[in-house]
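Report on the structure
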Amino acid sequence: MPVEESFRGSRYEAVVLETDGGRTKIRFTSFTEEEAEWVPTNSLRPPPPTPPGGEGRNPNAWAAKLRVGSLVEMYADGGWWDVLVGEMSTPRFTREVSYLCRSPNSGDEHEVAASNLRPRWEWRPAYSQWATLHDGTVYSLLTTVHPPPVADVTYIFVTVVAPRAMQKGETLRCALPNGSFFQLPISGDIAAGTPLSCKVPQKAPPPQPVRFLIVPPGMGYGAKVTALSPNGHVAHVGVPPAAPPPGSRMAVPVPQEQAARFEGPTAYERLQQQRRSAGQLISRKARNHEYGVSFRQIEQYILARFGVCATSRLMGALSAAVRAGRLVRTAQSKLFVPTGSMLSVQAALEMEKLSEEQRVSAVAEERRNRKLAKQAMLTGRARRRQELEQQRHRHNARVRAAGVLGEQRRNAFLLTQMQLLEPFMKGARRSLQAALGVAPRE
């Protein structure tokens, strides 16, 4: 749901508070300290299901169908953004496929794993269907309705025949059709063959949930409807002989032993829970774009410029630049950000919008940040060399300060002994005579 220009092409989870005609009041759950706001109702949609196969051991099985140019959604900054798959690569060591994705709106590039992607879902509310745009598959949403709870205990009426003559105070052991037994107390003397009626309490079985889907158009007897549960389980449901009309509900019988496969949290819910537990939910008002260049972009530039690129040497050079403090590698998007003046174009455009005082303050802050970033990224021998260089500068500064202090103390002593030293001052240095006031300063 586009809220402002910088969030075009993204969707965020929200809670519906109230509705009023064609607009709805919502509150975003992915942002901290976010106030409720009114949005058009047609810009909302239900949370999408887990990708097909997400309930199994490999929740990223759907990504095997991705190709260059596929439209998918990428998780970033607490929401899902529309991106196009640009490249797919498999490192030799991890064997985990990484995807270079480009935003069609802003042009930003990110290299992410399949766990940070999901299909680009298209919601079709007329028949409660979800369509994946990367392969064109249409799924009918399998909805589960839980009946209202019933009383925990129910009563059944049972009639038994006394097998023999019984007296008051005795008990008769009786069997129920389900194989259980109960004790029936005898309230008076009875003869053999006397019918006895009683009300027996039994624990009520829990009501079974009802699962249904909306019949899509063009489905006749024998056709298979591809149904998808919210947790990513795919079921192929056959249309009965008396096919219901399109747009109506059709019950889907699910065996009891398979019911657990259709339940459970969705992948989106699990991902959101992981982000909440890790404290990674952000403030929408504090969102900033990251500038930098990825390893793949550097490699492509070298190939285009020189025709060949030694990947191992390039990785070593970049690592050395990071250790030396000339580059900083961001932890989230794995982008290389220089500590020098590579971003001078963007910085100059931002500086033009500031006043003179703000510009001076921004330049000073940039210098401090650059120095702190360089110090934070230095490790090993590079950090040791920097520490030795700083110690040498501090020692030289102390030596210069001591020399100045010595000259001041010497001149103060000579001024107290001017009567004795005046005959000898004509042969002193011109600078000393000027410091003592004997000769004019030039």
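Just so it is clear, the structure is predicted and the values come from calculations on it, not from any experiment.

Quick look at the pairing of strand E16 (residues 181–185)
Going residue by residue along E16, you find Phe-182 and Leu-184 tucked away on one face and Phe-181, Gln-183 and Pro-185 left uncovered on the opposite face. Relative to E16, strand E15 (residues 171–175) runs antiparallel, the two sharing five bridges. Within E16, the residue paired with Thr-171 across the bridge is Pro-185. From the end of E15 to the start of E16, which pair antiparallel, there are five residues, and Gly-179 there has a positive phi angle of about 95 degrees.

Regarding the sheet that holds strand E21 (residues 249–251)
Within the open sheet, the three strands sit side by side as E13-E18-E21. Their pairing is antiparallel. A single partner strand is all that each edge strand has here, and the edge strands are strand E13 (143–145) and E21. Averaged over neighbouring strand pairs, the angle between their axes works out to 40 degrees when direction is ignored.

Comments concerning the packing of aromatic side chains
Applying the stated criterion to the full structure yields six aromatic pairs. An angle of 85 degrees between the planes, with centres 6.4 Å apart, marks the rings of Tyr-12 and Trp-81 as edge-to-face. Taken as a pair, Tyr-12 in the loop between strand E1 (10–11) and strand E2 (14–20) and Trp-81 in strand E6 (residues 79–89) lie far apart in primary sequence, 69 residues in all. The same class applies to Tyr-12 and to Trp-81, which are both buried. Here the aromatic cluster, defined as three or more aromatic residues joined through ring pairs, consists of Trp-121, Trp-123, Trp-130 and Tyr-139. Directly above the aromatic system of Phe-181 lies the positively charged group of Arg-173, at a separation of 3.9 Å from the ring centroid.

Things to note about the nonpolar core
The biggest cluster of nonpolar side chains holds 19 residues, and the ones touching the most others in it are Leu-66, Val-72, Tyr-99 and Leu-117. Going through the elements one at a time, strand E3 (23–28), strand E5 (71–76), E6 and strand E7 (98–102) are the ones with two or more residues in this core. Discounting chain neighbours no more than four positions away, the residues touching Val-72 are Trp-62, Leu-66, Trp-81, Asp-82, Val-83, Val-85, Leu-117, Arg-118 and Arg-120. One finds Val-160, Leu-172, Leu-196 and Val-200 within the second-largest nonpolar core, a separate group that totals 14 residues.

Notes on helix H2 (residues 295–306)
Between its terminal C-alpha atoms H2 stretches 16 Å, which fits the 16 Å expected from 12 residues at 1.5 Å a residue. Backbone geometry just after H2 places Gly-307 at a positive phi near 90 degrees.

Overview of the pairing of E7
Note on strand geometry: in a regular strand, side chains alternate between the two faces of the sheet. Burial within E7 is extensive, with four of its five residues counted as buried. Of the strand pairs in this sheet, E6 and E7 are connected by five bridges, and their pairing is antiparallel. Within the sheet, the bridge partner assigned to Ser-89 lies in E7 and is Ser-98. Note: E7 against strand E8 (residues 109–113), five bridges, orientation antiparallel. Looking across to E8, one finds that Cys-101 is bridged to His-110. As consecutive antiparallel partners, E7 and E8 are separated by six residues, and within that stretch Gly-107 has a phi angle of approximately 85 degrees, a positive value.

Thoughts on the state of the cysteines
Note: disulfide means a covalent bond formed between the sulfur atoms of two cysteine side chains. For the coordinates displayed, the defined rule picks out zero disulfides. The structure places no disulfide on Cys-174, whose sulfur is separated from the nearest cysteine sulfur, that of Cys-198, by 6.4 Å. Residue Cys-198 is classed as buried on the basis of its relative accessible area of 14%.

A look at the pattern of salt bridges
Two side chains bearing opposite charge may form a pair once their charged atoms approach each other closely. If you walk through the whole model with that rule in mind, you get 12 salt bridges. For Arg-120, the salt bridge goes to Asp-82, with nearest N and O atoms at 3.2 Å. Separated by 38 residues along the polypeptide, Arg-120 in the loop between strand E9 (117–119) and strand E10 (121–124) and Asp-82 in strand E6 bring together distant segments of the chain. Residue Asp-82 is classed as buried on the basis of its relative accessible area, which comes to 17%.

Focus: unusual backbone geometry
At Ser-128, a position not held by glycine, the phi torsion is positive, near 50 degrees. For Ser-128, the position within the fold is in the loop between E10 and strand E11 (129–132). Ser-128 sits in the buried class, given a relative accessible area of 19%.

So, the sheet that holds E2
To summarise the sheet geometry, strands pair through backbone hydrogen bonds and adopt either a parallel or an antiparallel arrangement. Across the sheet, three strands lie side by side as E2-E3-E4; this open sheet has antiparallel pairing. Where the open sheet ends on each side, the last strands, each with one partner, are E2 and strand E4 (37–40). Each neighbouring strand pair of the sheet contributes to a mean axis angle of 40 degrees, computed without reference to strand direction. The pairing of E3 with E4 spans four bridges and is antiparallel.

Conventions we followed
Residues numbered from 1 in each chain as written. Predicted model: local features only at pLDDT ≥ 70, side-chain atom pairs only at ≥ 80, totals over all residues. Heavy atoms only, no water. Buried < 20%, exposed > 50% of the residue type's maximum accessible area, 1.4 Å probe, protein only. Helix = DSSP H or I, 4+ residues; strand = E, 2+ residues; numbered from the N terminus. Pairing = 2+ DSSP bridges. Axes fitted to C-alpha atoms, helices over the stretch in contact; angles between N-to-C directions. Phe/Tyr/Trp six-rings, centres within 6.5 Å; stacked < 30°, edge-to-face > 60°. Lys NZ or Arg CZ within 6 Å of the ring centre and 35° of its normal. Core = buried A, V, L, I, M, F, W, Y, C linked by side-chain atoms within 4.5 Å. Contact = heavy atoms within 4.5 Å. Expected span 1.5 Å × (residues − 1). Disulfide = S-S within 2.5 Å. Salt bridge = Lys/Arg side-chain N within 4 Å of Asp/Glu carboxyl O.

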